[in-house]
Amino acid sequence: MVKVGVLALQGAFREHREVLAALSADTVEVRTPEALSGIGALVLPGGESTTMTRLLRTSGLHGALSEVLRDGLPCLATCAGLILLASEVLDGRADQEPLGVLDVSVRRNGYGRQLESFEAPLDVEGLAGPFPGVFIRAPVIERTGPGVAVLARHDGRPVLVRRGPVWASTFHPELAGDLRLHELFLKEVA
Ligand code: GLN
């Protein structure tokens, strides 16, 4: 099985590592461009996308990550991780330049204050029963570009999308107590 790098600048990277370890995947924390060598897949966790974008710049990972992702490295991005990948961020900070490797427009904190965090069962393409969607100050995908497949929706809006080897969710599968989404991703990329 491939070694999975987990971006570990900030946010829920430990939880992703735990899920991957439970699936017997070998993981490594990524904090520098050097840590990208030798990995066969990458996880971008949730957290705070403005902070993460700043740390991507100061660590030199901004350029290094866009390069490996453009070269086809499989990636599972969740919540703030999806915001990092997007081609357009709405309601972001002025200096929040995303990596632009997934053609979606995403609105930060798109559910507003009243619905900041919630759970909802999701019908996910490729999974047999409902998957528990944990949404925490989640972004909303407002546009998907050509070639971006929608694998799950909530209230009609895409919450899990995929373009080739790049998967991205607005919810937190690493907090769901359900390993199936990580398992599906690993199965496809291993
Ligand atoms: N609202 C956060 C952001 O803009 C994302 C929230 C999350 O990752 N749970 O980065």
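Nothing here was measured: the structure is a model prediction, and the numbers come from that model.

A. Seen up close, the site of the ligand. Taken together, the residues surrounding the ligand are Gly46, Gly47, Glu48, Ser49, Cys79, Ala80, Ile83, Arg108, Asn109, Ile136, Arg137 and His172. Between the ligand and the protein, one listed contact pairs an oxygen atom with a backbone N or O atom of glycine 47 at 2.9 Å. At 2.5 Å from a nitrogen atom of the ligand is found a side-chain nitrogen or oxygen belonging to asparagine 109. Look at the ligand: alone it shows 300 Å² of surface, and the protein chains cover 98% of it.

B. Up close: unusual backbone geometry. In this structure, serine 24 is a non-glycine residue whose phi angle is positive, near 65 degrees. If you trace the backbone, serine 24 turns up in the loop between helix H1 (13-22) and strand S2 (26-30). Within the chain, cysteine 79 stands out as a residue other than glycine whose phi angle is a positive 55 degrees. Among the secondary structure elements, cysteine 79 is positioned in the loop between strand S4 (75-78) and helix H4 (80-85). Of the residues examined, cysteine 79 reaches a relative accessible area of 4% and is grouped as buried.

C. Expanded view of the sheet that holds strand S10 (residues 149-154). The sheet built from seven strands is open, its strands ordered S2-S1-S3-S4-S12-S11-S10 with mixed pairing. The open sheet has two free edges, formed respectively by S2 and S10, since each of these has just one partner strand. Between one strand axis and the next, the sheet turns by 20 degrees as a mean value, whatever way the strands run. As judged from the three bridges shared by strand S3 (residues 41-44) and S4, these two strands associate in the parallel manner. By the bridge assignment, leucine 42 is partnered in S4 with cysteine 75. Along the sheet, H1 contacts strand S1 (3-7), S2, S3 and S4; its crossing angle with S1, the most-contacted strand, is approximately 165 degrees. Along the sheet, helix H3 (residues 61-70) makes contact with S1, S2, S3 and S4, crossing S3 at roughly 130 degrees.

D. Just the packing of aromatic side chains, in detail. Evaluated as defined, the whole model comprises six aromatic pairs. For the ring pair tyrosine 111 and phenylalanine 118, a centre distance of 5.0 Å and an interplane angle of 70 degrees mean the geometry is edge-to-face. The burial state of tyrosine 111 is the same as that of phenylalanine 118; both residues are buried. Chaining the aromatic ring pairs together yields one cluster made of Tyr111, Phe118, Phe131, Phe135 and Phe171.

E. How the structure looks around the side chain of glutamate 174. Secondary-structure assignment places glutamate 174 in the loop between strand S12 (166-169) and helix H5 (180-189). Buried and unpaired, glutamate 174 has arginine 137 as its nearest opposite-charge partner, separated by 11 Å. Within the structure, the side chain of glutamate 174 is placed 3.4 Å from the side chain of histidine 16, a separation counted as a polar contact. At a separation of 2.7 Å, a polar atom in the side chain of glutamate 174 contacts the side chain of histidine 172. Beyond its immediate chain neighbours, meaning those up to four positions away, glutamate 174 contacts Ala12, Glu15, His16, Val19, Thr78 and His182.

F. Inspection of the pattern of salt bridges at higher detail. As enumerated under the stated definition, the model contains eleven salt bridges in all. The residue aspartate 91 makes a salt bridge to arginine 107 at a minimum N-O spacing of 3.1 Å. You can see aspartate 91 sitting in the loop between strand S5 (86-90) and strand S6 (102-107) and its partner arginine 107 sitting in strand S6, a full 16 residues away along the chain. Among the residues examined, arginine 107 registers a relative accessible area of 26% and is labelled partly exposed. By sharing partners, the salt bridges in this structure join Arg17, Glu29 and Arg31 into a single network.

The rules behind the values
- Residues numbered from 1 in each chain as written.
- Predicted model: local features only at pLDDT ≥ 70, side-chain atom pairs only at ≥ 80, totals over all residues.
- Heavy atoms only, no water.
- Near = heavy atom within 4 Å.
- Polar contact = N/O pair within 3.5 Å; in protein donor to acceptor, adjacent residues only side chain to side chain.
- Areas by Shrake-Rupley, 256 points an atom, 1.4 Å probe, with all protein chains shown as cover.
- Helix = DSSP H or I, 4+ residues; strand = E, 2+ residues; numbered from the N terminus.
- Buried < 20%, exposed > 50% of the residue type's maximum accessible area, 1.4 Å probe, protein only.
- Pairing = 2+ DSSP bridges.
- Axes fitted to C-alpha atoms, helices over the stretch in contact; angles between N-to-C directions.
- Contact = heavy atoms within 4.5 Å.
- Phe/Tyr/Trp six-rings, centres within 6.5 Å; stacked < 30°, edge-to-face > 60°.
- Lys, Arg positive; Asp, Glu negative; His and termini not counted.
- Salt bridge = Lys/Arg side-chain N within 4 Å of Asp/Glu carboxyl O.

The quantities given are spatial measurements derived from coordinates; they are silent on function.
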